[in-house]
Amino acid sequence: MFEITDVQKIGVGLAGFGIAFLFLGVFLLFDKGLLAIGNVLFISGLACVIGFERTFRFFFQRHKVKGSLCFFGGIFVVLFGWPLIGMCIELYGFYHLFSGFFPVAINFLRRIPVLGMMLNLPGIKGFCDWLCVADSGQTGGGYS
């Protein structure tokens, strides 16, 4: 097994609190304070978990420039007081940044007993299949 450092443990906690604050901010009708705190905690937690250099390299790869600009631009729009528009821009950037990870995550979740059954329901299965095909680089966005 590999050893997890104390900084990585703190990073997992920061990222977890960041996600919790983001969900609270969305559930409380896009509260800009909670969304801003959630964004800052999530980014700092990610930097602590994978390291500052790897975080910088992840966000500033040539093929991820559009996703990074939208993600950080959405954070700034939230900070400047337009939370709904900022979160939409941020989600678009998040989709472009992590789109290569979606097929792996969906296939993993399909192997979990109860969650796998839910992901195989008619409407959800079609969306998940479309998401996996759209992110694999094939043309047609999942429909052909």
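First, a word on what this report is: a plain description of the structure on this page. Owing to the predicted nature of the structure, the values given are computational and were not obtained by experimental measurement.

### Quick notes on the packing of helix H2 (residues 32-50) against helix H3 (residues 52-59)
Then comes step 1: Contact pair H2 / H3: the axes reach a minimum separation of 6 Å and the direction vectors enclose 120 degrees. Contact residues: Ile 43, Leu 46, Ala 47 and Ile 50 in H2; Phe 52, Arg 54, Thr 55 and Phe 59 in H3.

### Remarks on the pattern of salt bridges
Then comes step 1: Throughout the structure, instances matching the rule amount to three salt bridges.
Then comes step 2: A salt bridge links Arg 110 to Asp 129; its shortest N-O distance comes to 2.8 Å. Note that Arg 110 is positioned in the loop between helix H6 (102-109) and helix H7 (113-119) and Asp 129 in helix H8 (residues 122-135), a separation of 19 residues in sequence.
Then comes step 3: Arg 110 gets classed as partly exposed once you look at its relative accessible area, which sits at 23%.
Then comes step 4: Residue Asp 129 pairs with Lys 125 through a salt bridge whose shortest N-O separation is 3.1 Å. Here Asp 129 pairs with Lys 125, and both are found in helix H8, just four residues apart, close to one helical turn.
Then comes step 5: A relative accessible area of 28% means that Asp 129 is categorised as partly exposed.

What counts, and where the lines are drawn
Residues numbered from 1 in each chain as written. Predicted model: local features only at pLDDT ≥ 70, side-chain atom pairs only at ≥ 80, totals over all residues. Heavy atoms only, no water. Axes fitted to C-alpha atoms, helices over the stretch in contact; angles between N-to-C directions. Helix = DSSP H or I, 4+ residues; strand = E, 2+ residues; numbered from the N terminus. Contact = heavy atoms within 4.5 Å. Salt bridge = Lys/Arg side-chain N within 4 Å of Asp/Glu carboxyl O. Buried < 20%, exposed > 50% of the residue type's maximum accessible area, 1.4 Å probe, protein only.

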